[in-house]
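# Results of the structural survey
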Amino acid sequence: MIRCLIPLTLSALVALAAPAARAQTPSPVPVPAAHLYPLGRALPSPDVKVDVSDAPEARAWAEQARVLVIQWFPLVCQFLATDRFTPPKTITLAFKKDLPVPAYTTGTGTDGATISISGKWITAHPDDFGMVIHEMTHVIQGYPGRGDKPGWLVEGIADYIRFYRYEPDVPRRNVDPRDPQKASYRDAYRTTASFLAYVTWRYNRGLLSRLDAALRAGTYSDGLWKTITGKDLDALWTEFIGTLPAAAHVP
Ligand SMILES: [Zn+2]
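Going along each chain's sequence as written, the residues are numbered from 1 onward. In view of the model being predicted, local features appear only for residues whose pLDDT reaches at least 70, and side-chain atom pairs are presented and counted only at 80 or more, with totals across whole chains, interfaces and linings using the full set of residues.

This next bit is on the overall build of the protein chain. In terms of helices and strands, the protein chain carries ten helices and four strands. Ordered by position from the N terminus, the helices and strands of the protein chain form the series α-α-β-α-β-β-β-α-α-α-α-α-α-α. Partly exposed residues are those whose C-beta has more than 12 but fewer than 20 other C-beta atoms within 10 Å; 20 or more makes a residue buried and 12 or fewer makes it exposed, with C-beta atoms placed from the backbone. Out of the 251 residues belonging to the protein chain, those deemed buried represent 30%. Strands are runs of DSSP state E lasting at least 2 residues, helices are runs of H or I lasting at least 4, and numbering of each runs from the N terminus.

Each residue after the first adds 1.5 Å to the expected span of a helix. Given a rise of 1.5 Å per residue, 21 residues ought to cover 30 Å, and the 30 Å separating the end C-alpha atoms of helix H3 (residues 59–79) matches this to within 8%. Its axis deflected by about 40° at Trp 72, H3 carries its strongest bend there, up to four residues before the proline Pro 74. Within H3, the full set of buried residues consists of Trp 61, Ala 62, Ala 65, Val 69, Phe 73, Val 76, Cys 77 and Phe 79. In this structure, the buried residues of H3 make contact with strand E1 (47–51), strand E2 (90–96), helix H4 (119–124), helix H5 (130–141), helix H6 (151–166) and helix H8 (207–217). Working definition for bend: take the seven residues up to and ending at a residue and the seven starting at it, fit an axis to each, and measure the angle between the axes. We call two residues in contact when their backbone-placed C-beta atoms lie within 7 Å.

Successive residues of a regular strand alternate their side chains across the two faces of the sheet. Relative to E2, E1 is paired through five bridges, and the arrangement is parallel. Note on E2: the bridge partner recorded for Asp 51 is Ala 94. Two strands qualify as a pair provided that DSSP identifies no fewer than 2 bridges between them.

On to the nonpolar core, then. When buried Ala, Val, Leu, Ile, Met, Phe, Trp, Tyr and Cys residues are joined through C-beta atoms within 7 Å, the set is termed a nonpolar core. Counting residues in hydrophobic clusters, the biggest one holds 48 residues, and the most contacted among them are Val 76, Met 136, Ile 157, Tyr 160, Ile 161, Leu 196 and Leu 208. Elements with a contribution of two residues or more to this core: H3, E2, strand E4 (113–118), H5, H6, helix H7 (189–202), H8 and helix H10 (233–242). Both domains that furnish three or more residues to this core are identified here as domain 1 (36–142) and domain 2 (143–251). When sequence neighbours within four positions are dropped, the list of residues in contact with Met 136 reads Val 69, Trp 72, Phe 73, Val 76 and Ile 115. Marked domain ranges trace back to an automatic or database domain assignment.

For H7, built from 14 residues, the straight-helix expectation of 20 Å at 1.5 Å per residue is met to within 8% by its first-to-last C-alpha distance of 20 Å. In this fold, the buried residues of H7 make contact with H6, H8, helix H9 (223–229) and H10.

Now for the environment of Gly 130. When you line up the elements, Gly 130 lands in helix H5. Accessibility expressed as a C-beta count within 10 Å gives 17 for Gly 130, which makes it partly exposed. The residues touching Gly 130, leaving out its near neighbours within four places in the chain, are Arg 162, Tyr 166 and Glu 167.

In the Ramachandran plot, Ala 188 falls in the positive-phi region, its phi being about 70° despite a non-glycine side chain. Looking at where Ala 188 falls in the secondary structure, it is placed in the loop between H6 and H7. For Ala 188, a count of 20 C-beta atoms within 10 Å puts it in the buried group. The backbone phi angle of Tyr 189 is positive, close to 45°, even though this residue is not glycine. Tracing the chain through its elements places Tyr 189 in helix H7. Tyr 189 sits in the partly exposed class, given 17 other C-beta atoms within 10 Å.

A few words on the sheet that holds E1. Spatial ordering of the open sheet is given by E1-E2-E4-E3, a layout of four strands whose pairing is mixed. Each edge of the open sheet is held by one strand with a lone partner, namely E1 and strand E3 (103–106). Going across the sheet, the axis of each strand differs from the next one's by a mean of 20°, ignoring polarity. As judged from the four bridges shared by E3 and E4, these two strands associate in the antiparallel manner. Lines fitted to the C-alpha atoms define the axes, with helices restricted to the stretch that makes contact. Angles between their N-to-C directions range from 0 to 180 degrees.

Side chains of E2 alternate between two faces, with Ile 91, Leu 93 and Phe 95 buried and Thr 90, Thr 92, Ala 94 and Lys 96 left unburied. For the crossover from E1 across H3 to E2, the handedness is left-handed. Across six bridges, E2 lies against E4 in parallel orientation. Across the sheet, Phe 95 pairs through a bridge with Ile 117, a residue of E4. Whether a crossover is right-handed depends on one test, that the path from the first strand over the helix to the second runs clockwise when the strands point away from the viewer.

With that out of the way, let us pick up the confidence of the model for the protein chain. Per-residue confidence for the protein chain averages 86 on the pLDDT scale, and 83% of its residues sit at or above 70. The predictor rates its confidence in each residue with pLDDT, a number between 0 and 100. Summarising per-element confidence for the protein chain, the mean pLDDT is lowest in helix H1 (residues 2–5) (39) and highest in E1 (98). Segment residues 1–22: pLDDT under 50, and one contact once partners within four positions in sequence are set aside and those in other chains are kept. Considering only residues more than four positions removed or in separate chains, one finds that residues 247–251, a stretch of pLDDT under 50, has seven contacts.

Let us look at the environment of Met 131. On the secondary structure map, Met 131 appears in helix H5. Taking the C-alpha atoms as reference points, Met 131 and Ile 117, separated by 14 residues in sequence, lie 9.2 Å from one another. The contacts of Met 131, once residues within four sequence positions are left out, are Pro 102 and Ala 103.

The structure is reproduced here in structure tokens:
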């Protein structure tokens, strides 16, 4: 067979091969999985209660926040890896006259979760429903043994859901503090959220789901970033910072 082919020109070889190629069944265009955002189960919202006994002036805002949680709980479940997640029986939005922080979440087990919200904060920032999305994400994260988890990543995921899924149209700073060279992916919150968005877009739309799944299973390590993207965490961060011109920051 080989001796027979030697005298043939390249064009003749192509001509010989063409009928065989045409005879094959056309295969669908391959779509790399890295470009697909995997969605988890859309779990219904638990019963949402409102407690404004300490801040009755927050009543109207609290009712709007209650509707927000009921509507967005299933969506945020889909953005994360919630296949084996059991939601709490209830979520209570507890408004306090004042807190040292805008809000915080406690009791993320199956019994009931409480999102405590500062009445003073929402009076000064009545548009800050994104804060509720951040705290509700913590309820859905509900990682067992959360004290052992990397807090920067837990907070980064909650801000990613807020900024890139709930408020994608709001101008925001990419890193905080404003000097990228002094920032770190371990800064948590918006800095980590922006980093998650970059790596998701550039490398793998399943990043968040896989990080979330590992945090739930207690198997997370920084090495997971290399498994998912082919690059280690520090190299990804250096690359991300290199994409940020100083002018990109929104005051
Ligand atoms: Zn948080």
